[in-house]
Amino acid sequence: QVQLVESGGGLVQAGGSLRLSCTASGPTASLYGMAWFRQAPGKEREFVAAITRSGGSTQYTDSVKGRATISRDNAKATVYLQMNSLKPEETAVYYCAASYSHDLATRYRANYQYWGQGTQVTVSS
């Protein structure tokens, strides 16, 4: 059974930084692409960033380019999202996603079979 557990969310002032973590348990040797998505109240879940297993390929949504860095430590089965210069409109629940079928850094939700429960990020103005 695959489980993803996110951590690192919280309350931060606009312009501040957070580092989110997501640790997978279960058959992590077959873990391929991983990603972060977020969902604000009343809005659809949206893509933030993704990374391949080797870390050699990443993708970001345009609004976070230059402010966010996705990385992973396969030995710890953990993916990270460093977010800087946070904005109030980025207040959302941030979800980790994992693929056991495709090693892609993709924004497409259908690529990911497993999802975490989410961690709340609140950015105050």
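Refer to the preceding data block for the structure.
What comes next concerns the included structure.

1. Here we look at the nonpolar core
Counting 30 residues, the largest nonpolar core has M34, W36, I70, V79, L81 and Y94 as its most contacted members. Of all the elements in the fold, those that place two or more residues in this core are β3 (18–25), β4 (34–39), β5 (46–51), β7 (68–73), β8 (78–83), β9 (92–98) and β11 (119–124). In this structure, M34 is in contact with L4, C22, A49, A50, I51, I70, R72, V79, C96, A97, A98 and Y112, ignoring residues within four places of it in sequence. Within the second largest apolar cluster, seven residues are counted, among which are A35, F47, A50 and A97.

2. Topic: the pairing of β8
Taken residue by residue, a regular strand's side chains alternate between the two faces of the sheet. Counted residue by residue, β8 has five buried out of six residues, so it is predominantly covered. Across six bridges, the pairing between β3 and β8 is antiparallel. In the strand pairing of β8, S21 is matched with Y80. As paired strands, β7 and β8 are joined by six bridges and run antiparallel to one another. Following the sheet pairing, T69 is matched in β8 by Q82. The hairpin formed by β7 and β8 contains four residues between the paired strands, and A77 there has a positive phi angle of roughly 50°.

3. With respect to the environment of Y32
With respect to the element layout, Y32 can be found in the loop between β3 and β4. Between the C-alpha atom of Y32 and that of T106, which follows or precedes it by 74 residues, the distance is 11 Å. Residues within four places of Y32 in sequence aside, it is in contact with R53, R72, S99, Y100, S101, H102 and D103.

4. Considerations on the environment of A68
Relative to the helices and strands, A68 resides in strand β7. A relative accessible area of 8% means that A68 is categorised as buried. When the C-alpha positions of A68 and L31 are compared, they lie 22 Å apart, and in sequence the two are 37 residues distant. Setting aside chain neighbours within four positions, we find A68 in contact with Y60, L81, Q82 and M83.

5. As for the packing of aromatic side chains
Under the criterion given, the structure shown has five aromatic pairs. Where F37 meets W115, the ring centres are 4.9 Å apart and the plane angle is 55°; that geometry is what we call tilted. Here the residue F37 occupies a position in strand β4, and W115 occupies one in strand β10 (residues 114–115), the gap between them amounting to 78 residues. Note on F37: relative accessible area 1%, which makes it buried. An aromatic cluster is present here, built from F37, F47, Y112 and W115 joined pairwise through their rings. Its guanidinium or amino end placed over the ring of Y95, R45 lies 3.6 Å from that ring's centre, counting from NZ or CZ. Sitting over the ring of W115, R109 keeps its end group 5.6 Å from the ring centre.

Basis of the calculations
- Residues numbered from 1 in each chain as written.
- Predicted model: local features only at pLDDT ≥ 70, side-chain atom pairs only at ≥ 80, totals over all residues.
- Heavy atoms only, no water.
- Core = buried A, V, L, I, M, F, W, Y, C linked by side-chain atoms within 4.5 Å.
- Buried < 20%, exposed > 50% of the residue type's maximum accessible area, 1.4 Å probe, protein only.
- Helix = DSSP H or I, 4+ residues; strand = E, 2+ residues; numbered from the N terminus.
- Contact = heavy atoms within 4.5 Å.
- Pairing = 2+ DSSP bridges.
- Phe/Tyr/Trp six-rings, centres within 6.5 Å; stacked < 30°, edge-to-face > 60°.
- Lys NZ or Arg CZ within 6 Å of the ring centre and 35° of its normal.

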